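# Chain and residue survey
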Amino acid sequence: IILPVLEDLQIHTIDTLIVTHEDFDHSGGKEELSEKIKINQIVEDSNEEIKVNYTFYSLLPERNIKDENDSSIVSYFQYDTCSFLWMGDASISIENQLLQRYDLDVDVLKLGHHGSRTSSSFHFLEKIDPTLGIISVGKDNKYNHPSSKVISNAHLLGIDLLMTKEEGMIHIFTLKKFTFFVTATGLFGMI
C-alpha cells in the first residue's frame, strides 16, 4: 500500500521510518519497504534519537505499560508552524501519563489505537485540544473501529476528524508556514 504512494510522489528515500511497536499492522511492511526504498534510519525504540532537521520528540521513553500497545512510540513534532502528536496504539493510561508530564500544544492528533474506546478519552482530547484528528482505520475492520464514543467526543469538542476508511490516504504538507491536507478522495483543507 505504501510503496505505490511513495513512487507516485517520486519519493526515493525515507529519512526516518518509525515503527511504533511490533503489532503487524504497525510493523508488517517494514522489511519489504526497506528492500524497495532507501531508509536512512529505522526507529523501533522510544529511547532512540530521531535524526531529522525539525523539532521532534519521542515522549515518555520511561513509562508504566500494561500491554504491547502501551509500549507504542509516541511522537510529538513541529514542522513550520504546525504541531503533531502521533499516539500509535497507546491507551488512556499512557494519555494520562502524558498529561501529567507534558504541556502539549497540538494542532494535528493521530488518535491512538485506530480510534478505539481504549484510547482518546474525552479528558485527553479536551486537554490537548487539536484542530484536526486523524484516525487510521481499515474499512469494515473486524474490530468495528473507530468507537462511536470517540467520534462523539471529538465532535463535542469541535475537533474535525479525517478517517482513512472514508478518505483513503491523508497527505499533510506545508507551504510557507501554512499547513494543508489533501485526501485520496480529493478532500482539501487548511489546518
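Details of the structure are given in the entry above.
Residues numbered from 1 in each chain as written. Predicted model: local features only at pLDDT ≥ 70, side-chain atom pairs only at ≥ 80, totals over all residues. Heavy atoms only, no water.

Here the focus is the side chain of Glu167. Secondary-structure assignment places Glu167 in helix H7 (residues 164–167). Comment: no salt bridge for buried Glu167; closest opposite-charge side chain is Lys139, at 11 Å. Excluding residues within four positions of it along the chain, Glu167 makes contact with Leu162, Thr183, Ala184, Thr185 and Leu187. (Helix = DSSP H or I, 4+ residues; strand = E, 2+ residues; numbered from the N terminus. Buried < 20%, exposed > 50% of the residue type's maximum accessible area, 1.4 Å probe, protein only. Lys, Arg positive; Asp, Glu negative; His and termini not counted. Salt bridge = Lys/Arg side-chain N within 4 Å of Asp/Glu carboxyl O. Contact = heavy atoms within 4.5 Å.)

All right, on to the packing of aromatic side chains then. Summed over all chains, the structure comprises nine aromatic pairs. Ring plane angle 20° and centroid distance 5.7 Å describe the contact between Phe180 and Phe188, whose orientation is recorded as stacked. Within the aromatic cluster, the residues linked to one another by ring pairs are Tyr54, Phe56, Phe77, Tyr79, Phe84 and Trp86. (Phe/Tyr/Trp six-rings, centres within 6.5 Å; stacked < 30°, edge-to-face > 60°.)

Moving on to the sheet that holds strand E3 (residues 56–59). Spatially, E3-E4-E5-E6-E7-E8 is the arrangement adopted by the six strands of the open sheet, whose pairing is mixed. Sheet topology places E3 and strand E8 (160–163) at the edges, where each strand pairs with a single neighbour. Neighbour-to-neighbour, the strand axes of this sheet turn through a mean angle of 15°, independent of strand direction. Where strand E7 (residues 132–135) meets E8, four bridges bridge the pair, whose relative direction is parallel. Bridge pairing links Ile135 to Met163 in E8. (Pairing = 2+ DSSP bridges. Axes fitted to C-alpha atoms, helices over the stretch in contact; angles between N-to-C directions.)

Moving on, we come to the nonpolar core. Grouped together as the largest cluster of nonpolar side chains are 24 residues, with contacts concentrated most on Val74, Leu85, Met87 and Leu109. Those elements giving two or more residues to this core turn out to be strand E4 (74–79), helix H4 (92–101), helix H5 (122–128), helix H6 (148–156) and E8. Grouped together as the second largest cluster of nonpolar side chains are 13 residues, Cys82, Phe84, Ile134 and Leu162 included. (Core = buried A, V, L, I, M, F, W, Y, C linked by side-chain atoms within 4.5 Å.)

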